[in-house]
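Here are the chains, one letter per residue:
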Amino acid sequence: MTTGRTKRSSYHHGDLRQAVLSAALEAIAADGPGALSLRDLARRAGVSHAAPAHHFGDRAGLLTAIAAQGFGLLADALAGGTTLADRGRRYVRFAADHPAHFAVMFAPDLLRPDDPELTAARARASAELRAGVAGLPGRDPRATGIAAWSLAHGFATLYLTHNVDEAVGGASPEEYFDRLTGFLADSGD
């Protein structure tokens, strides 16, 4: 009967919050954000059933923390992108590398929209996305930004839900995304 104690003692390393977030990301990757429960999460993380609530308040608080972390990671991934296409590739790579974050970030009904950490991280990611269209000559930056985001986000969503597996084949998501953006560049106006 020492199994629970052994598990719990392994989390007395000082970052219980991150341990709970990591366990939540694993659960979301396996079962989706809708199936997440704090009690099951505590069991997975090997912590008391009160630990997730202590750090996040409730399920919405936990998912909001995951979304904020995800938007921060997305902003980091987009930073340094040199062209709009490069930022698109980075967006798609982020989604492929962080599917659980991605699933939560764009599910506003699961989040606390006025959370300051979420608001700041979302603003940082939005600024990085907008930087990709800033300075493009002769284009409406807002419409161009929405079009580019729609393409990258739509493809990333289709990729993560395995709706384009056959089309993508053995290509990386970024390689296939390059093909898609190439079609747009070749289509003429």
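Residues numbered from 1 in each chain as written. Predicted model: local features only at pLDDT ≥ 70, side-chain atom pairs only at ≥ 80, totals over all residues. Heavy atoms only, no water.

Moving on: the confidence of the model for the protein. With 89% of its residues at a pLDDT of 70 or more, the protein shows a mean pLDDT of 87. Segment residues 1–13: pLDDT under 50, and 11 contacts once partners within four positions in sequence are set aside and those in other chains are kept. (pLDDT = per-residue confidence, 0-100. Contact = heavy atoms within 4.5 Å.)

This brings us to the packing of helix H2 (residues 16–31) against helix H3 (residues 38–45). The geometry of H2 relative to H3 is characterised by a closest axis approach of 9 Å and an angle of 110° between their N-to-C directions. The orientation of H2 relative to H3 falls into the category roughly perpendicular. Crossing geometry of H2 relative to H3 is assigned as right-handed. On H3, the residues touching Ala19, Val20, Ala23, Ala24, Glu26, Ala27 and Asp31 of H2 are Leu41, Arg44 and Ala45. Of the residues assigned to the contact of H2 with H3, the class counts are seven nonpolar, no polar and three charged. (Axes fitted to C-alpha atoms, helices over the stretch in contact; angles between N-to-C directions. Helix = DSSP H or I, 4+ residues; strand = E, 2+ residues; numbered from the N terminus. Parallel < 35°, antiparallel > 145°, perpendicular 65-115°, else oblique. Left-handed = near helix turned anticlockwise from the far one by under 90°. Nonpolar A, V, L, I, M, F, W, Y, C, P; charged D, E, K, R; others polar.)

Here the focus is the packing of aromatic side chains. Scanning the model with the defined rule gives seven aromatic pairs in all. Geometrically, the ring pair formed by Phe106 and Trp149 is tilted, given 6.2 Å between the ring centres and 55° between the ring planes. With a gap of 43 residues between them, Phe106 in the loop between helix H7 (99–105) and helix H8 (116–131) and Trp149 in helix H9 (residues 141–160) connect regions that are remote in the sequence. Judged by its relative accessible area of 27%, Phe106 is partly exposed. For Trp149, a relative accessible area of 38% corresponds to the partly exposed category. Judged by centre distance (6.2 Å) and plane angle (40°), the ring pair of Phe155 and Phe177 falls under tilted. (Phe/Tyr/Trp six-rings, centres within 6.5 Å; stacked < 30°, edge-to-face > 60°. Buried < 20%, exposed > 50% of the residue type's maximum accessible area, 1.4 Å probe, protein only.)

One pass over the structure, following the stated rule, counts 12 salt bridges. With its nearest N and O atoms 3.1 Å apart, the salt bridge here joins Asp40 to Arg44. You can see Asp40 and its partner Arg44 sitting in helix H3, four residues apart, about one turn around the helix. You can call Arg44 partly exposed: its relative accessible area is 32%. Between Arg93 and Glu174 there is a salt bridge whose closest N-O contact spans 2.7 Å. Of this pair, Arg93 sits in helix H6 (residues 84–97) while Glu174 sits in helix H11 (residues 173–186), placing them 81 residues apart in sequence. Taken together, the shared-partner salt bridges in this structure form one network comprising Asp31, Asp40, Arg43 and Arg44. (Salt bridge = Lys/Arg side-chain N within 4 Å of Asp/Glu carboxyl O.)

A general feature of soluble globular proteins is that nonpolar side chains tend to end up buried together. Counting residues in each nonpolar core, the largest one holds 48 residues, and the members touching the most others are Leu62, Leu63, Ile66, Leu74 and Phe155. It is helix H5 (residues 59–78) that contributes the most residues to this core, 10 residues altogether. When near neighbours in sequence (up to four residues on either side) are disregarded, Leu63 contacts Ile28, Leu36, Val104, Leu110 and Leu111. (Core = buried A, V, L, I, M, F, W, Y, C linked by side-chain atoms within 4.5 Å.)

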